[in-house]
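# Architecture and fold: a report
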Amino acid sequence: VQLVESGGGLVQPGGSLRLSCTISGSIFSIDAMGWYRRAPGKERELVAAISITDITYYADSFSGRFTISRDNAKNTLYLQMNSLKPEDTAMYYCAARRGATMKYEFWGQGTQVTVSS
């Protein structure tokens, strides 16, 4: 399974970005996908996840501002981020969970999001 993120960049506070993650390979083994982030000096944290049945999960800090979705026809996962704050500055990673282990075993290379005026 290969994951490739895109869509990061520099945005002003209050702005929006949409991250994309294209998945390829043995995707039949995947039962959920998620977005994680790692801010400078902090631990990696789960932002949001979506199952193959479209059940979504959001960490409390992001509910209402971020929206996770997927386009099965394009094998692409999205993260719409609105009302961005400087503290959202981080490297954002796409991850895929293997159904057999229930673990996020596959990771993209990350895309940098910087929120600054």
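Here we summarise the structure given alongside this text. Please read all numbers here as calculations on a predicted model, not as lab measurements.

Across the sheet, which stays open at both edges, the 4 strands sit in the order 1-3-8-7 with antiparallel pairing between neighbours. Looking along the sheet, the strands with just one partner apiece sit at the ends: strand 1 (2-6) and strand 7 (66-71). Here the average twist between neighbouring strands, direction ignored, is 15 degrees. As defined by bridge partners, strand 7 adjoins strand 8 (residues 76-81) across 6 bridges and the pair is classed as antiparallel.

Counting 28 residues, the largest nonpolar core has Met33, Trp35, Leu79, Met81 and Tyr92 as its most contacted members. Elements supplying a minimum of two residues to this core: strand 3 (17-24), strand 4 (30-38), strand 5 (44-51), strand 7, strand 8, strand 9 (90-98) and strand 11 (111-115). Judged by nonpolar contacts, the second largest core, of 5 residues, contains Ala32, Tyr36, Ala49 and Ala95.

In a disulfide, the sulfur atoms of two cysteines are held together by a covalent bond. Under the counting rule described, the total for this entry stands at 1 disulfide. The disulfide partner of cysteine 21 is cysteine 94, and the S-S distance across this bridge is 2.0 Å. One quick way to see it: the torsion about the S-S bond of cysteine 21 and cysteine 94 is about -75 degrees, and its sign makes the bridge left-handed. Separated by 73 residues along the polypeptide, cysteine 21 in strand 3 and cysteine 94 in strand 9 bring together distant segments of the chain. Assigned by exposure class, cysteine 21 and cysteine 94 land together as buried.

What follows covers the pairing of strand 1. The side-chain alternation of strand 1 yields one buried face, formed by Leu3 and Glu5, and one unburied face, formed by Gln2, Val4 and Ser6. Where strand 1 lies against strand 3, 5 bridges are found, and the strand directions are antiparallel. The residue bridging leucine 3 from the neighbouring strand is isoleucine 23, located in strand 3.

What counts and what doesn't
Residues numbered from 1 in each chain as written. Predicted model: local features only at pLDDT ≥ 70, side-chain atom pairs only at ≥ 80, totals over all residues. Heavy atoms only, no water. Pairing = 2+ DSSP bridges. Helix = DSSP H or I, 4+ residues; strand = E, 2+ residues; numbered from the N terminus. Axes fitted to C-alpha atoms, helices over the stretch in contact; angles between N-to-C directions. Core = buried A, V, L, I, M, F, W, Y, C linked by side-chain atoms within 4.5 Å. Buried < 20%, exposed > 50% of the residue type's maximum accessible area, 1.4 Å probe, protein only. Disulfide = S-S within 2.5 Å.

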